Amino acid sequence: MSPPPPSYVDVLVIGAGPAGVMMGTALSHAGINVRVVDKRPAKVMAGQADGIQPRTIEVFQSYGLAQRLLERGNQMHSLAFYNPRRDGKGVERTSRVPDVTAPTARYRFEVTLHQGEIEAIFLDSMRAHGLEVERPCVPESIEISGDEKELQSRESYPVKVVLRHLVDATLDAAPNGMHTNAIDPSVESSGSTLETVYAKYVLGADGAHSWVRNALGISLDGEQTDHVWGVVDSVPVTDFPDIRNRTAIHSDNGSCMIIPREGDKVRLYVQITDGLQADDHGRIDRSAVTPERVMEIAKRSMRPYKLEFPDPPEWWTCYVIGQRVAKNFSVKDRAFIAGDACHTHSPKAGQGMNASMNDSHNLAWKLAHVLRGWASPDLLKTYELERRKYARDLINFDKKLADLFSGKAVSPGNAEGVTHQEFQGLLQSMGGFTSGIGIQYIPSLITDATSQSLAEGLVIGQRFVPQEIIRIADSRPFEIQDLLVSDTKWKVVFFVGDPKEVREYAVVTAVGEYLQEEKSFLRRFTPKGAAKDAVFTILTVSSTAKDDADYTDIHPGLRTHWSRAFTDDIAIDEKAGGTAYRVYGIDPASGAVVVCRPDGYVSFVCALEDVTKGRLEEYFGKFMIATKV
Ligand code: FAD
C-alpha cells in the first residue's frame, strides 16, 4: 500500500496534557490551523496534578472556561500549619492563615480538581471549535529545515514530523495508575500508519520525559533530586480539624501535605525518606513504596488525630522529583517546548499544571500574530525570555521550600530544626509568586517599562489588576479583566479623566482625532481589508460621575462602539466600583494610556499627550508589521 500523501499544518502540538490542551484551546479559539496528537488512548482518568492557582483561574476566565472549574472544583481558602507538641505526643496547630496572600487576586483561593477533569474542560472547548486530539499517536522523527530562506519565510513549512498513528495501542499502566509514560511495544505494530506532516511550528508539550526535547537535542540544567514523594487520593475517616484546609504538617514522624479535593476527597502528599535503594546509576527503586506505606506515614504524621482509610485509595503514585530547566525552550524559533518538557520540580507548591498551561498561554498569541503576518518572528523570542526566567525562579523557590519541608521541625530535642516562622514566612513572602499574581515579565521588545510612574498600580510586566468599572451607556458593572479576554487582540485602555472638564476635553479630542488618522497605530498595524478592530480593542475609562456621564461625551475616535465606553464610579448596587483610578495610581486630571497584551499582561504606559506625538506607533513599531499602503 502506498503511503498517504504528506499533510500540512500551521501548528502541530505533540502531547495533550495541560500544556498541550491549553495551546490547542487558545489556537482553535483564534481560528488557527492546529493539530494536537497524544500517545495516550484517552485523557488522564484520575490523579496527577490538581491545584489551580488564582492567576490561572483568571486565565481560565479570559477564555470563558472558569465557570465549570469553579462549579466542579474544591476551593482552598485557608492554609494551616501543624508542628510537634511540646509534650512529644504528636502534632498541634501552630497557625492558620489565608491560603492566598496576593491582595489584588480576583479569586482569593485556589481550586483543586483532578487533572483529567481539568483537561476535559479544554477538550470540550476545543471540540466546540472543531478540534479533537488525535490519539493514540506518537512522533517518530522531527527535522527542521536548515535552509535560511525557508526558515525566514512566513509561507514555508520548515518542520517535518513523521507521526505514527497507532490503532490498538494501550499504555503500560501499572495497576496503581502510575503511568510509565511509554507505549507497550508489543501492541505497537499491527495496523498502525505513518503520516508525514509538514508544520510551520511544532510544540512539544509531551511531559517530563519529552520525546520532542530529546529529539531536538535540548539538554536540561539541574539535577534529579533524591526527593521521593508518595501521593494518595482517598476519602479518609478522621477527626483532624483541618482536613478541609490546605495543611502543612511537620512532625517528628515525617512531613505531610493535605490538599482537600472535590467532593469529600483528600490528597495526601508524604515525602518518603527511609528504606529507599538506588541502583548503580543513582536511580531510586520506587517499588519499595506502596500505598499502604504512604498512608502509614500520613497516619503517623497526624497523630494524635485519627486517620483511617476504609477503602483502597482511588489513585496513588510515587515519583522522584527532578529540579530541572531546559537549556532552551525553542530551536530556530520553529520548534518549541512547553510545560514539564521545560521544567520539573516538586508538587509542594502546586505549580506543575499552572506553569505548564501558562507557558502555552504565553506562546499562543505570539504564534497567532506571526502566522497572520501581524508581527515579526522576533516576537517569538520573548517566549523563552519570559518563561525560562519564570521557570528558573520556580526551581529556586522549590529548592528552598523542599529544604524547609523536608527538614525536621524545631522541637525540644532538635533546636537546629526548621522553625515555624521560617516555613510560614517563606510561603507567605512568596505568595505573589506562588499564586501567579505577582509574576512579572522582564523588559523586552514587548515590555517597555519607561513610563511606570503614570500608573504605579498597574505594574508593567504584571497581569492587569482587576477592578469593577461601569459601562456608561447602560450603567452595567463590568470586571475590567472580563474585557481583556484572550482573543489574541491587544487592548489599549485610555484613561481619559473627565472629558467634561475643559482641559481634558481638548486633550481627549486631539487623541480621538489622531486615532482616526491613517498614521495612527490602529490603522498602521491593522491589515488592509481586515475588520477595524481585528488587532486592537480600544477601551475608554472616564472618571465622570455615572449620573452625569453620557457615552456620547467620549470622542468617536475613542469609542469604537457604545459598549466600549466606561466610567470609574460606584455601581448602582453599591457593592463595588469607583476605585480604578486610585488603585491604578492614575491621576484623573491627566489620565494615561495603558497597553495590555493579548495574554492580559501590562506592557506599556504613556501619557495621553504622548499619543499625538507617536509614542504608541513607536512602541508597536518595534515588533508589529506596518501595513503596506
Ligand atoms: P503532562 O501532563 O505530562 O502531559 C504530557 C502529555 O504528552 C501526556 O498526555 C502524554 O501522554 C503525552 N506524551 C508524552 N510523550 C508523548 C509522545 N512521545 N508522543 C505523543 N504524546 C506524548 N503534579 C502535581 O502538582 N501533583 C502531583 O501529585 C503530581 N503527580 C504526578 C504523577 C505522575 C505520574 C505524573 C506523570 C505527573 C505528576 N504531576 C503532579 C505533574 C503534573 O502532572 C505536571 O506538572 C503537569 O501535568 C504538566 O503538564 P504537561 O502538559 O507539561 O505534561
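None of the values given here were measured: they were computed from a predicted structure. (Residues numbered from 1 in each chain as written. Predicted model: local features only at pLDDT ≥ 70, side-chain atom pairs only at ≥ 80, totals over all residues. Heavy atoms only, no water.)

Draft legend 1. Here's a closer look at the pairing of strand 29 (residues 592-596). Here strand 29 lies mainly inside the structure; five of its five residues are buried. Taking every second residue as pointing to the same face, both faces of strand 29 are buried, with A592, V594 and C596 on one and V593 and V595 on the other. Looking at chain direction, strand 26 (residues 490-497) and strand 29 are connected through five bridges and run antiparallel. Bridging from a neighbouring strand, F494 pairs with V593 of strand 29. The pairing of strand 29 with strand 30 (residues 602-606) spans four bridges and is classified as antiparallel. Residue pairing in the sheet places V594 in a bridge with V605 of strand 30. (Buried < 20%, exposed > 50% of the residue type's maximum accessible area, 1.4 Å probe, protein only. Helix = DSSP H or I, 4+ residues; strand = E, 2+ residues; numbered from the N terminus. Pairing = 2+ DSSP bridges.)

Draft legend 2. Spatial organisation of the site of the ligand. Residues in contact with the ligand amount to 32 residues; listed here are only the nearest, A19, D38, Q115, Y269 and D340. In the model, an oxygen atom of the ligand is placed 2.6 Å from a nitrogen or oxygen of the D38 side chain. A distance of 3.2 Å separates an oxygen atom of the ligand from a polar atom in the side chain of Q48. Those elements that place two or more of their residues in the shell around the ligand are helix 1 (18-29), strand 9 (137-144), strand 18 (266-272), strand 20 (315-326) and helix 8 (352-371). Looking at side-chain class alone, the shell around the ligand contains 16 nonpolar, ten polar and six charged residues. (Near = heavy atom within 4 Å. Polar contact = N/O pair within 3.5 Å; in protein donor to acceptor, adjacent residues only side chain to side chain. Nonpolar A, V, L, I, M, F, W, Y, C, P; charged D, E, K, R; others polar.)

Draft legend 3. Focus on the domain arrangement of the protein chain. What the domain assignment lists for the protein chain is domain 1 (7-73 + 112-221 + 323-402), domain 2 (223-321 + 407-434) and domain 3 (452-620). Here the C-alpha centre of domain 3 lies 34 Å away from the C-alpha centre of domain 1. Taken together, the contacts link 15 residues of domain 1 with 17 residues of domain 3. Around 1300 Å² of area is buried between domain 1 and domain 3 when both sides are counted, 50% of it from carbon and sulfur atoms. Three residues, R55, W365 and W374, lead the burial of domain 1 against domain 3; their summed loss comes to 43% of the area buried on that side. Linking domain 1 with domain 3 are two salt bridges. Between R597 and E386 there is a salt bridge, with its nearest N and O atoms 2.7 Å apart. Linking domain 1 with domain 3 are eleven residue pairs in polar contact (both at pLDDT 80 or more), by the criterion used here. Breaking the side of domain 1 that touches domain 3 down by element, the ones donating at least two residues are helix 2 (54-62) and helix 8. Top element by residues in the side of domain 1 that touches domain 3 is helix 8. It accounts for six residues. (Domains from an automatic or database assignment. Contact = heavy atoms within 4.5 Å. Buried area = accessible area lost by both parts, 1.4 Å probe. Salt bridge = Lys/Arg side-chain N within 4 Å of Asp/Glu carboxyl O.)

Draft legend 4. Just the UniProt feature "domain: FAD-binding" (unreviewed entry) in the protein chain, in detail. Those places that UniProt annotates as "domain: FAD-binding" (unreviewed entry) correspond, in this numbering, to residues 9-135 and 188-397. Helix makes up 33% of residues 9-135 and strand 28%, whereas the separation of the span's terminal C-alpha atoms amounts to 17 Å. (UniProt positions renumbered as here; feature names shortened; annotations may be inferred.)

Draft legend 5. Spatial organisation of the sheet that holds strand 3 (residues 51-52). In spatial order, the strands read 3-7-4; together these three strands make up an open sheet with antiparallel pairing. Edge positions in the sheet fall to strand 3 and strand 4 (74-76), since each has one partner strand and no second.

Draft legend 6. Inspection of the nonpolar core at higher detail. One finds F494 and F620 to be the most contacted residues of the largest nonpolar core, which totals 109 residues. The element best represented in this core is helix 8, accounting for nine residues. There are two domains that each give this core at least three residues, and those are domain 1 (7-73 + 112-221 + 323-402) and domain 3 (452-620). Not counting residues within four places of it along the chain, the set of residues in contact with F620 comprises W490, V492, F521, F525, F536 and V595. Formed by 29 residues, the second largest nonpolar core is a distinct cluster that contains A46, W229, Y269 and W315. (Core = buried A, V, L, I, M, F, W, Y, C linked by side-chain atoms within 4.5 Å.)

Draft legend 7. Quick peek at unusual backbone geometry. Here the amide bond leading from R135 into P136 is cis, since omega sits at -10 degrees, within 30 degrees of zero. Relative to the elements of secondary structure, P136 occurs in the loop between strand 8 (133-134) and strand 9. Residue R303 is joined to P304 through a cis peptide bond whose omega torsion reads 10 degrees. On the secondary structure map, P304 appears in the loop between helix 7 (291-302) and strand 19 (307-308). Unusually for a residue other than glycine, D333 sits at a positive phi of about 55 degrees. Relative to the helices and strands, D333 is located in the loop between strand 21 (330-331) and strand 22 (335-337).

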